[in-house]
Amino acid sequence: MRQRSRRRIMRATVELVDQRGYAGTTLTDIAERAGLARGLLSYYFDGKRLLMQSATHRMMHQSLSTALAELAPGASPEARLARAIDAVLGLAMDHPRVMRSHLALILDPDAGAFVQDPEQQQLGAILQGLLHDWGAPDPAAEHAVLRSALMGGCIGVLLPGAEIPLAPIRADLFRRYDLPWHLGRPPQADPPERERPPARG
C-alpha cells in the first residue's frame, strides 16, 4: 500500500510538471491528481524538491528499464549501453519541462544537498551493471563520469536560447564508449561530421 501510494504521487508529479512546470505545480495539485490526502505527501516525501527529485529518478529508471527490455535476448553489452544512453537523452526531448526542473534543482546550491533516494539508487545500479558488462575497470567510478556526461548532454539539449542538437551530443558520448552509431536509436541515419579546428596561419 505504501509503495503504491508513493508511485501514484511520483507519477502525478511528473504528469503535472510536464503540463505546468515546477513552479506552477503545488503539492495540493499533486495530491489531487494522485487521489490522496495532502498530508500523505509530507509523510512520504520531505518537501516538494525531494519529491521532484524522486519522481524524476523514477521516470528515468523506468524509461531505462523499458528500453533495455525491448532489446533482443542476448544483446551485446555495447547495444545495451547504447540503448541506455539514448533512453536518458531521449527524456530531455520527451519531457523537457521535467528534466529542466530536475536539473535546475540539483544544480541550485541554495536548494539543499543532493539526496540519493531509492529511485536514484535503482537507476545507478542499472547503469553500473551495464558499464560492468561493457568492460569498465571501475564501474562505480565510470558511472559517475557517465552520469555527469548524460546530465551535461541533457543541459545542452535543453539550454533555452542556446540548445545544441541531439546528434553531436550523442556522437561524443558514443565515441567515448566506442559504440557504433547505428546501435540504440540514432536521431539520424549517419553521425554528424566533427568540426575541424581552423588551420593556424
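Scoring rules and cut-offs
- Residues numbered from 1 in each chain as written.
- Predicted model: local features only at pLDDT ≥ 70, side-chain atom pairs only at ≥ 80, totals over all residues.
- Heavy atoms only, no water.
- Helix = DSSP H or I, 4+ residues; strand = E, 2+ residues; numbered from the N terminus.
- Rg over C-alpha atoms; globule rule 2.2 N^0.38 Å.
- Buried < 20%, exposed > 50% of the residue type's maximum accessible area, 1.4 Å probe, protein only.
- Contact = heavy atoms within 4.5 Å.
- Areas by Shrake-Rupley, 256 points an atom, 1.4 Å probe, with all protein chains shown as cover.
- Core = buried A, V, L, I, M, F, W, Y, C linked by side-chain atoms within 4.5 Å.
- Axes fitted to C-alpha atoms, helices over the stretch in contact; angles between N-to-C directions.
- Left-handed = near helix turned anticlockwise from the far one by under 90°.
- Nonpolar A, V, L, I, M, F, W, Y, C, P; charged D, E, K, R; others polar.
- Phe/Tyr/Trp six-rings, centres within 6.5 Å; stacked < 30°, edge-to-face > 60°.
- Lys NZ or Arg CZ within 6 Å of the ring centre and 35° of its normal.

A. How the structure looks around the overall build of the chain. Secondary structure assignment for the chain yields nine helices and zero strands. Starting at the N terminus and walking to the C terminus, you meet the elements of the chain as α-α-α-α-α-α-α-α-α. Expected size for 201 residues packed as a compact globule is a radius of gyration near 17 Å; at 18 Å, the chain falls within 12% of this value. A principal-axis box enclosing the C-alpha atoms of the chain has dimensions of 65 × 45 × 30 Å. Every one of the 201 residues in the chain was classed for burial, and the buried ones make up 43%. Within the chain, contacts between residues at least 6 apart in sequence are counted, and of these 66% link residues at least 24 apart. Of the accessible surface of the chain, which amounts to about 10,800 Å², a share of 53% is contributed by carbon and sulfur atoms.

B. A look at the nonpolar core. Residues Ile9, Ile85 and Leu146 are the most contacted members of the largest nonpolar core, which totals 54 residues. A total of 10 residues in this core trace back to one element, the largest contributor, which is helix 5 (residues 77-94). With residues near it in sequence (within four places) discarded, Ile85 still touches Leu146, Leu150, Leu173, Phe174, Tyr177 and Leu179.

C. Examining the packing of helix 5 against helix 8 (residues 139-158) more closely. Where helix 5 meets helix 8, the axes come as close as 9 Å, and the angle between the chain directions of the two elements is 35°. Helix 5 and helix 8 meet at a crossing whose hand is right-handed. Within the contact between the two elements, helix 5 uses Leu81, Ile85, Val88, Leu89, Ala92 and Met93 and helix 8 uses Leu146, Leu150, Met151, Gly153, Cys154, Val157 and Leu158. Among the residues making up the contact of helix 5 with helix 8, the classes are represented as 12 nonpolar, one polar and no charged.

D. Representation of the packing of aromatic side chains in the model. Applying the stated criterion to the full structure yields three aromatic pairs. Between Trp134 and Tyr177, the ring centres sit 5.2 Å apart and the planes meet at 80°, which makes this aromatic pair edge-to-face. Remark: Tyr177 occurs in the segment after helix 9 (166-176) and Trp134 occurs in helix 7 (residues 118-134); sequence separation between them is 43 residues. The class of Trp134 is partly exposed, set by a relative accessible area of 25%. Across the ring face of Trp181, the terminal group of Arg170 is positioned such that the distance to the ring centre comes to 4.5 Å.

Shape is all these values report; function is a separate question.
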